[in-house]
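Residues per chain, in single letters:
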Amino acid sequence: MKTGYVFTFLRKHWGIIATLVGISLFFGLSSQYFFTFYNLLNILNHTTITLILAMGMVFVLASGGIDLSVGSTLGFTGVATALILKAGTPPLLAALCGIGIGALIGAVNGTIIAKFHLQPFIVTLGMLSIVRGLALVFSNGKPIYGFPGIFTTFFAGHVGIPTNIYLTIAIVAFGSIVANKTRFGLYAKSIGGSEASAHICGVNIPLIVILIYVQSGIFASITSFIYMSMMDAAEPLAGLLTEWLEAIAAPIIGGNSLSGGIITIFGTIIGALILATVRSGLNIFGVQPFYQQLFIGLIIIISVIADSIRQRRSRLSRERVVT
Amino acid sequence: MRKKLLCSLIALVLLGFAVPIAFASSEEKAPEKVVGGKMSKYLPDQIGEIPVPSKRWRIGCLEKTLINDFWLDMKNGYEDAEKEYGVDIDIYAAPSEADILIQKQILDDMIAKNYDLICVSPITDTNILAALKTATQRNIPIINVMDAYISPEAQKKHGIKIASFVTTDFAENSRLATRFVAEKLGKEGGEIMHIMGLPGGRAAEERKRGYLEEVAKYPQLKNIGVWPGDWDRKKSMDIAADVIQSHPNLRAIIGANDTTGLGAYQAVKNAGKTNQILVAGIDAIPDAIRSVMNDELVCTVPFMQYQSAYIAIESAIQILEGKFDPANREIWVYQEVWHKGNIKDKVAEYKEQFSGLKDF
Amino acid sequence: MFARSRSPFFHSYLGLIGAVVAISVYLSIASPYFLKVANFVNIGNQIAINLIIAVGMTLIITSGGIDLSVGSNVALTGILVALFYLKMPASSTVPMVILGMILGLATGTAIGIINGLIINTLGVPPFIATLGTMGVMRGLALIASNGRVLYGMPKGFESTFAGFIGGIPKPVIVAVVIAIIGVFILGRTTLGRYAKAIGGNERCVRVCGINIERHKITIYAIGGCLASISGLALTSMMNAAEPIAGNFYELDAIAVVVMGGTNLMGGKGTMIGTILGALLLGIVRNGLNIMKVPANYHQLLVGIIILVAVIIGSKRSR
């Protein structure tokens, strides 16, 4: 029973697990610096930003949507929280305000998408621009620094290992529970699977859609706390490109579908790890950044191809059973 | 069939990885050269003698990006110093100037490789502070080469020790360019504008500051504003084209770098106003030098990136050999304006420092 | 036929036409420089590059796909063509100039075909496939140029897209011709009808026995080819090829297509809407520049305009 579960689990994810193991072995065998405690911790540390953003993104993707504005939200909530902190607000309250702002941006996204029946891609593209503009306007284009130590220690300190790793584990656990054990997770998947049937089953679609984007906004704001604590400054340009692209790429590599209906948290974790491992490995090798872009592009394509082959095969076997 | 396809794909990727690595490892290391206590090449009076390295020190250098001649010339500076003094240098860079987090992550990875010394060009004042702290904890000396400046206060607050700081002043770049244009326009003066880089970036904001400060010194100059060109040639051209329309009396455009300047010049040329509007650039990329020689851009201000990198490695050797004079903790590299009048001489003088000058 | 189609035409584009007119009226009152021929030349030049890409993107999005690699395609085409001119002997002769441009178009088309193959044959979702090729092509552009700006192309190439014919800038003429062909392809040809059908219900089309693969690959090839035309025009206009050119062009093009009323899920596409969308975005950008809006506010306002246009559009279409 137990082994059967492990077996199906492995069968479901063998493609990406093999990719991750293969990449790690390759780098590990070619560089003495790769399999060190410090470096492995680095990889985990680098995964945190992508992974928390991705936790919001998986629900958005599951509902058949996409959120391009998470990077800008990361930038703006960072700037806003920094300004609130600088005004002398206690850190806890400031963090709550930041989360509130992230939630608000998400709510605007969700409301426009749900109420006007607009494509999430274009709505969040517009928001990407607007929110980045707000970050620039509020920060006047300059980084804001000088936060209370307790804030930065909480979000990017060291207790054995970096505190943001603990935080990420907690958020991933939360995401996993929400995805698998709650009605919210089920509804998110059902909207992506078939909006019409979800509607017939009595799901309050607009509310769920709004909540999905609010959640994404909240996770983006938590990411911004880690980001600004890592840098000890709120950068108006934080999350400009790589961060949000990877937040979308990681779930897709992990087997979440862009057309919705699926959530795999485990896949998302592996997807984020693959991206961070490739980056770290290429850095350790000292591969030129030009080649890095090329490799990361290739890795994305190849892991998705592997996944689509796996899916096609499982579909084939299912069809065979039916006929 | 599919399995075969998958296997071949994976093989392809591994091959893709293997090729650059093969190249990297087949690169011949320069033979051990015995250098007997040379004087510093560019700052002999200030830095003094560079000792013979007692071993092949491993130095990791982190640049902002390797996109455009500017950063490539800096790389050349590092590499020429590597050959000259017989040390091992690895060069890293973020994919683009917007990748502030990625740059920190690269530095994290560099620290994993236990370099004897690390040279960094941070993208912002703060983006790599956390990683620098780790480096300090591991007793790796750090040299801050150009760009963002890790101030003594920031060092103290974050427990970072910066051994040396070698740079050129950004704000001074645009001050010099603006001053040159102001003098060229003379008493008559007129309307002047600035096309800045990507708002929010350090270089862009500092050059904007330098421009605004310098313009304020000339009552005959009227600043009509600052537009965001995002370091983009086409965008800068569009902006300049629009502003030339709305300000028919515009006399000068200061570009945040040569790319923005050249874009703006294209618009000036299209509008047939090359006699009326002066366009200045910064950085002295080859295209801009050609342009200055052809009487297009009125001037450009080279950033001494090659020299800075070279000097950084000289300082690095002094630090590693314990011969470093703390008085040289901050080195501001000299800057000047290159214009039609002096550019031929300058190109001849600096040929070895700017790879793009070889064709002139 | 014409009489029948006229009222829905105005009805479905009323929001966009209204927005274009309203912003134009505002700008012509607020700034004395807006209503000048030279300013319209500027707007035209600025729109042209985006519109050429957007025409291809309309076709792709209508068929239910998306192409994020167009921006990288623009850069790679420019770099390869520039390298060709700089490395080849006698590159300033007319046949060589033409050969260079043909090579450029071939590059773009090849990228499109690669996208099509990855999406169709290997079954990768278009978003992620082209996200991957976006990284790969940008990487290739950087590697090929070694990160440098390439310049010094032959005069014959530079003058292909620079200058005027009958008072109209050449890029505008190219863009208009391409847009007209686009309207024709989408509205009057089998390919256009199949694009809509595939985007509407791919399974249904497949069951009808139509060769979906071939049509999809053709559509991506057209998208790639148009991106490379845009790359050639940009390189020629700027007099230089930059490896980082075309950054975010894909987002601009997609924004314009959706503002025009094309459905991102596929099945419904309008080329005229795309043209109007491009016009609106171009006028807004021009307005931001001539009105001296502070640098930090540009992005904010562009985002608001995109959202408002899309919201108004959605109300109209229902």
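About the criteria used
- Residues numbered from 1 in each chain as written.
- Chains lettered and ligands numbered in written order.
- Predicted model: local features only at pLDDT ≥ 70, side-chain atom pairs only at ≥ 80, totals over all residues.
- Heavy atoms only, no water.
- 1 Å grid on protein atoms, 1.4 Å probe; cavity = no way out; pocket = protein on both sides within 12 Å on 5 of 7 lines; lining within 4 Å.
- Points joined across faces, edges and corners; volume = space filled by probe spheres on them.
- Helix = DSSP H or I, 4+ residues; strand = E, 2+ residues; numbered from the N terminus.
- Nonpolar A, V, L, I, M, F, W, Y, C, P; charged D, E, K, R; others polar.
- pLDDT = per-residue confidence, 0-100.
- Contact = heavy atoms within 4.5 Å.
- Axes fitted to C-alpha atoms, helices over the stretch in contact; angles between N-to-C directions.
- Left-handed = near helix turned anticlockwise from the far one by under 90°.
- Core = buried A, V, L, I, M, F, W, Y, C linked by side-chain atoms within 4.5 Å.
- Buried < 20%, exposed > 50% of the residue type's maximum accessible area, 1.4 Å probe, protein only.
- Domains from an automatic or database assignment.
- Buried area = accessible area lost by both parts, 1.4 Å probe.
- Salt bridge = Lys/Arg side-chain N within 4 Å of Asp/Glu carboxyl O.
- Polar contact = N/O pair within 3.5 Å; in protein donor to acceptor, adjacent residues only side chain to side chain.
- Patch = residues over 30% accessible without salt bridge, like charges linked within 9 Å, V, L, I, M, F, W, Y side chains within 5 Å.
- Areas by Shrake-Rupley, 256 points an atom, 1.4 Å probe, with all protein chains shown as cover.
- Expected span 1.5 Å × (residues − 1).

Describing empty space enclosed by the protein
Piece 1. Inspection of the entire model under this criterion finds five cavities of 30 Å³ or more.
Piece 2. Of the volumes computed, that of the second largest cavity is approximately 150 Å³.
Piece 3. What lines the second largest cavity is a set of 18 residues, and nearest its centre among them are C:L234, C:M238, C:E242, C:A245 and C:G246.
Piece 4. Breaking the lining of the second largest cavity down by element, the ones donating at least two residues are α9 (233-246) of chain B together with α3 (70-87), α10 (212-238) and β4 (240-241) of chain C.
Piece 5. At four residues, α10(C) tops the list of elements feeding residues into the lining of the second largest cavity.
Piece 6. In the lining of the second largest cavity, the residues fall into ten nonpolar, four polar and four charged.

Describing the confidence of the model for chain B
All names here are of chain B.
Piece 1. The pLDDT averaged across chain B works out to 84; a share of 90% of its residues lies at or above 70.
Piece 2. The secondary structure element of chain B with the lowest average pLDDT is helix α1 (residues 2-26), at 45, and the one with the highest is strand β11 (residues 278-280), at 97.
Piece 3. In the predicted structure, residues 12-35 sits below a pLDDT of 50 and forms 21 contacts with residues beyond four places in sequence or in another chain.

Focus on the packing of helix α4 (residues 94-120) of chain C against α10(C)
Residue and element names in this part refer to chain C.
Piece 1. Put simply, α4 and α10 touch, their axes get as near as 7 Å, and they point 145° apart. For the crossing formed where α4 meets α10, the hand is right-handed. Contacts from M101, G104, L105, G108, T109, G112, I113, N115, G116, L117, I119 and N120 in α4 reach E213, K216, I217, Y220, A221, G224, C225, S228, I229 and L232 in α10.
Piece 2. Partitioned by chemical class, the residues of the contact of α4 with α10 number eleven nonpolar, nine polar and two charged.

Remarks on the nonpolar core
Piece 1. The biggest cluster of nonpolar side chains holds 329 residues, and the ones touching the most others in it are A:F121, B:I59, B:Y78, B:L107, B:C119, B:I253 and B:I313.
Piece 2. With 16 residues, helix α10 (residues 205-231) of chain A is the largest single contributor of residues to this core.
Piece 3. Each of two domains, domain 1 (37-168 + 304-328) and domain 2 (171-300) of chain B, supplies a minimum of three residues to this core.
Piece 4. Apart from residues no more than four positions distant in its own chain, B:C119 is found in contact with B:I59, B:G60, B:C61, B:L62, B:Y78, B:I143, B:V145, B:A312 and B:I313.

Digging into the interface of chain A and chain B
Piece 1. The partner chain B presents 46 residues to the 47 residues of chain A that form the contact.
Piece 2. Summed over both partners, the interface of chain A with chain B buries about 4,300 Å², with 67% contributed by carbon and sulfur atoms.
Piece 3. Together, A:Y33, A:Y38 and A:M231 form the three largest contributors to the area buried by chain A at its contact with chain B, with a combined 15%.
Piece 4. On inspection of chain A and its partner chain B, the count reaches two salt bridges.
Piece 5. Notably, a salt bridge pairs A:D232 with B:K157, separated by 3.1 Å at the nearest N-O pair.
Piece 6. Applying the counting criterion to the chain A and chain B interface returns twelve residue pairs in polar contact (both at pLDDT 80 or more).
Piece 7. Those elements giving two or more residues to the side of chain A that touches chain B turn out to be α1 (2-30), α2 (37-62), α10, α11 (242-253), α12 (265-285) and α13 (289-322) of chain A.
Piece 8. Broken down by element, the side of chain A that touches chain B gets its largest block of residues, ten residues, from α13(A).
Piece 9. Of the residues contributing to the side of chain A that touches chain B, the split by class is 28 nonpolar, twelve polar and seven charged.

Focus on a nonpolar patch on the surface
Residue and element names in this part refer to chain A.
Piece 1. Where nonpolar side chains cluster on the molecular surface, the patch consists of V21, L25, L29, F35 and L40 and spans about 500 Å² of accessible area.
Piece 2. With three residues, α1 is the single largest residue contributor to the nonpolar patch.
Piece 3. As for its placement among the helices and strands, F35 is situated in the loop between α1 and α2.
Piece 4. The partly exposed category is assigned to F35, whose relative accessible area is 46%.

Description of unusual backbone geometry
Piece 1. Not every positive phi belongs to a glycine, and B:W231 is a case in point at roughly 65°.
Piece 2. Considering the arrangement of structural elements, one finds B:W231 in the loop between β9 (221-228) and α9.

Re helix α11 (residues 286-293) of chain B
Piece 1. The buried count for α11(B) comes to seven of eight residues, which makes it a mostly enclosed element.
Piece 2. Looking only at α11(B), the buried set comprises B:P286, B:D287, B:A288, B:I289, B:S291, B:V292 and B:M293.

Some remarks on the domain arrangement of chain B
Residue and element names in this part refer to chain B.
Piece 1. Taken as a whole, chain B is organised into domain 1 (37-168 + 304-328) and domain 2 (171-300).
Piece 2. Inter-centroid distance (C-alpha atoms) of domain 1 to domain 2 is 32 Å.
Piece 3. Domain 1 puts ten residues into the contact, and the matching count from domain 2 is seven residues.
Piece 4. Around 590 Å² of area is buried between domain 1 and domain 2 when both sides are counted, 52% of it from carbon and sulfur atoms.
Piece 5. For the pair domain 1 and domain 2, the interface holds zero salt bridges.
Piece 6. In this assembly, domain 1 and domain 2 are joined by zero residue pairs in polar contact (both at pLDDT 80 or more).
Piece 7. Among the residues forming the side of domain 1 that touches domain 2, the class breakdown is four nonpolar, one polar and five charged.

Structural notes on α11(A)
All names here are of chain A.
Piece 1. Given a rise of 1.5 Å per residue, twelve residues ought to cover 16 Å, and the 15 Å separating the end C-alpha atoms of α11 matches this to within 8%.
Piece 2. The element α11 is largely enclosed, with a buried count of twelve among its twelve residues.
Piece 3. Taken as a whole, α11 has its buried residues at T242, E243, W244, L245, E246, A247, I248, A249, A250, P251, I252 and I253.

Topic: the interface of chain A and chain C
Piece 1. At the junction of the two partners, chain A supplies 41 residues and chain C supplies 45 residues.
Piece 2. Overall, the association of chain A and chain C removes approximately 3,700 Å² of surface from exposure, summing both partners, and the carbon and sulfur fraction of that is 81%.
Piece 3. Together, A:F121, A:I122 and A:F290 form the three largest contributors to the area buried by chain A at its contact with chain C, with a combined 16%.
Piece 4. Where chain A touches chain C, the interface holds zero salt bridges.
Piece 5. Of all the secondary-structure elements, those providing two or more residues to the side of chain A that touches chain C are α4 (91-116), α5 (120-139), α11 and α13 of chain A.

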